[in-house]
Structures are given as C-alpha cells and as structure tokens.
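# Commentary on secondary and tertiary structure
This is what each chain is made of:
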Amino acid sequence: MPELWDVLDKHGNKTGRLHERGKPLAPGDYMLIVHVWKHNGRGQWLIDKRAPRGYGHMDGKWETTGGCAIAGDDSLTAALRETKEELGITLDPGKGTFYKRIPYENFFVDVWVFEHDCPIGDIVFQESETTAARWAAADEIRVMMAAGDFLVEGRQGPFYPYFDEMVAWVERK
C-alpha cells in the first residue's frame, strides 16, 4: 500500500486532499516534514547515521531523526512516530517543545526539541533508515558538518539552517 501524505496549503493547513509518496506535488501543494532533536541536558544531542538508500549525497551521513508526516499525522505525532520507527525509542510528548516551522518551496519543516536521555544500547535501528547513533556536543556536530560527515545540504538548500540558533535557545532554557 502506498504511503499517503496530507496535502497542505501555503499556510500549512490541511486541504482534505491526499498525496501519494513518490509522485510530484502539484504547484501550490505542500507537505510536512519533521526534524526531531533530542538533548540529554548535559549539552549532548542524540544523532544518527543514515542507512544507504540510494539518495547519493545523503547516504551514510550523520543527522537528526526526521521524516514525512503521513496522512492523519499532526506535527507532534509525526515526530514521535519517526523517532520510534528510526531509533526504537519512545519520546515523552510532555518533554518536547515545538521550536519552529521553516517553509521551503513545496514543504514545511517543523523542528522539535525533546529532553531525552538513554544509553546508545537502548536504540533499535530500523535497517532501511539508520545504522548507528551517538551522543555529540553541538561543537562536535559543527565539526562534523564542516567535514562533510553531517548532513548539511538537501535538494532544496540547507538542511539545518537553524542549528546554531536552536542550540543557543536550548542553552538559555
């Protein structure tokens, strides 16, 4: 059965129409993607390594959990589902904060930040999505970005243009 997404309008509202994954979106239609950052309160972020899936420059890069909202998902539900699917961990919705929405050409990215701590041994990788995980300080992630080991560019531009601002925001909390 194909994966279906809710079609959003230019304001991010559901239109009542569905879209099948893999087909191009019509002009003026949008979809929702989530980025899910997990921090442990000790200045570390849980990052994961992408499995090779034929996406070229994205394969094998470190990243944060993310993915498409499927039909019926709201932003939080998508964040919790993607994290469970990709890392096998259950996040506490009460420890999550919606950080911001970033509009792109035909999709929105909702960025979530969760307080979460777990041993790496508790993570169960989804074979087609992730191959490794680790805790890393923001400075380590910046070094990985500069070295090309961390995902920085997508098809439509910078992948995490908000990273430094988000880290500063979490450190002020």
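The structure this text deals with has already been given above.
Note that residues are indexed from 1 along each chain, following the sequence as it is written. Where totals are concerned, whole chains, interfaces and linings use all residues; where local detail is concerned, this predicted model gives features only for residues with pLDDT of at least 70, and gives and counts side-chain atom pairs only at 80 or more. Note that the side-chain values use all heavy atoms of the structure and ignore hydrogens as well as water.

With that settled, the discussion passes to the overall build of the protein chain. Helical segments are the DSSP runs of H or I of at least four residues, strand segments are the runs of E of at least two, and each set is numbered from the N terminus. Looking only at helices and strands, the protein chain has three helices and 11 strands in total. When the helices and strands of the protein chain are placed in sequence order, the string is β-β-β-β-β-β-α-β-β-β-α-β-β-α. With C-alpha atoms as the basis for the radius of gyration, the globule rule is written as 2.2 Å multiplied by the number of residues raised to the power 0.38. Since a compact globule built from 173 residues should have a radius of gyration of about 16 Å, the 16 Å found for the protein chain is in line with a globular shape. Counting only C-alpha atoms, the protein chain reaches 45 × 35 × 30 Å along its principal axes. Under the scheme applied here, a residue whose accessible area is under 20% of the maximum for its type counts as buried, over 50% as exposed, and between as partly exposed, the area being computed with a 1.4 Å probe on protein chains only. Within the protein chain, the fraction of its 173 residues that count as buried is 46%. Only four residue types enter the charge count, namely Lys and Arg as positive and Asp and Glu as negative; His and the chain termini do not. Think of each charge as sitting on NZ of Lys, CZ of Arg, CG of Asp or CD of Glu. Of note, the protein chain has its 21 positive side-chain charges centred 2 Å away from the centre of its 28 negative side-chain charges.

Below, the discussion takes up helix α1 (residues 75-87). Across its 13 residues, α1 extends 18 Å between first and last C-alpha, which sits within 8% of the 18 Å expected from 1.5 Å per residue. Within α1 the residues assigned to the buried category are S75, A78, A79, R81, E82, T83, E86 and L87. A side-chain oxygen of the first residue of α1 lies 3.3 Å from the backbone nitrogen of L76; this N-cap is D74. Multiplying 1.5 Å by the helix residue count minus one yields the expected span of that helix. For this analysis, a polar contact is any N or O atom pair within 3.5 Å, provided that within protein one partner can donate a hydrogen and the other can accept it, and provided that sequence-adjacent residues contribute only side-chain to side-chain pairs.

Quick look at the side chain of D29 now. Looking at the element boundaries, D29 is found in the loop between β2 (14-20) and β3 (31-39). Of the polar contacts made by the side chain of D29, one reaches the side chain of R17; its length is 2.7 Å. It only takes one pair of heavy atoms within 4.5 Å for two residues to be counted as in contact. For D29, the contacting residues outside a window of four places in its chain are V7, L8, R17 and N106.

Right, let's talk about the side chain of D6 for a bit. In this structure, D6 sits in strand β1 (residues 4-8). A relative accessible area of 15% places D6 in the buried class. In terms of polar contacts, D6 uses its side chain to reach the side chain of K14, at 3.3 Å. Engagement of the side chain of D6 in a polar contact is seen with the backbone nitrogen of G72, the distance being 2.8 Å. Beyond its immediate chain neighbours, meaning those up to four positions away, D6 contacts K14, R17, L18, Y30, M31, I70, A71, G72 and D73.

Attention shifts here to helix α2 (residues 138-147). All of the buried residues in α2 are A138, I141, M144 and M145. Looking down the long axis of α2, one finds its buried residues gathered within 115° of arc, a one-sided arrangement. Of the exposed residues in α2, the ones pointing more than 90 degrees away from its buried face are D139, V143, A146 and A147. Buried residues along α2 sit against β3, β4 (44-50), β5 (62-63), β9 (130-137) and α3 (163-172). The arc in question is the one spanned by the directions pointing from the helix axis to the C-beta atoms.

We now examine the nonpolar core. Grouped together as the largest cluster of nonpolar side chains are 31 residues, with contacts concentrated most on W37, W45, I141, F150, Y160, F163 and M166. When residues of this core are traced back to their parent elements, those giving at least two are β3, β4, β7 (96-103), β8 (107-115), α2 and α3. Those residues in contact with F150, other than ones at most four positions away along the chain, are W37, I47, K61, W62, E63, T64, I141, M144, M145 and Y160. Grouping buried Ala, Val, Leu, Ile, Met, Phe, Trp, Tyr and Cys residues that are joined through side-chain atoms within 4.5 Å yields what is termed a nonpolar core. Among the nonpolar cores identified, the runner-up in size contains 19 residues, and V36, I89, L91 and W135 belong to it.

Any Lys or Arg side-chain nitrogen found within 4 Å of a carboxyl oxygen on Asp or Glu counts as a salt bridge. The tally for this structure, following the rule as stated, stands at 14 salt bridges. With a shortest N-O distance of 3.3 Å, K14 and D6 are connected by a salt bridge. Owing to a relative accessible area of 48%, K14 belongs among the partly exposed residues under this scheme. Two residues, D117 and R42, come together in a salt bridge whose shortest N-O distance is 2.6 Å. Taken together, the residues D117 in the loop between β8 and β9 and R42 in the loop between β3 and β4 connect sequence positions 75 residues apart. D117 gets classed as partly exposed once you look at its relative accessible area, which sits at 41%. Salt bridges sharing partners connect three or more residues here, namely D73, R81, E82 and E85.

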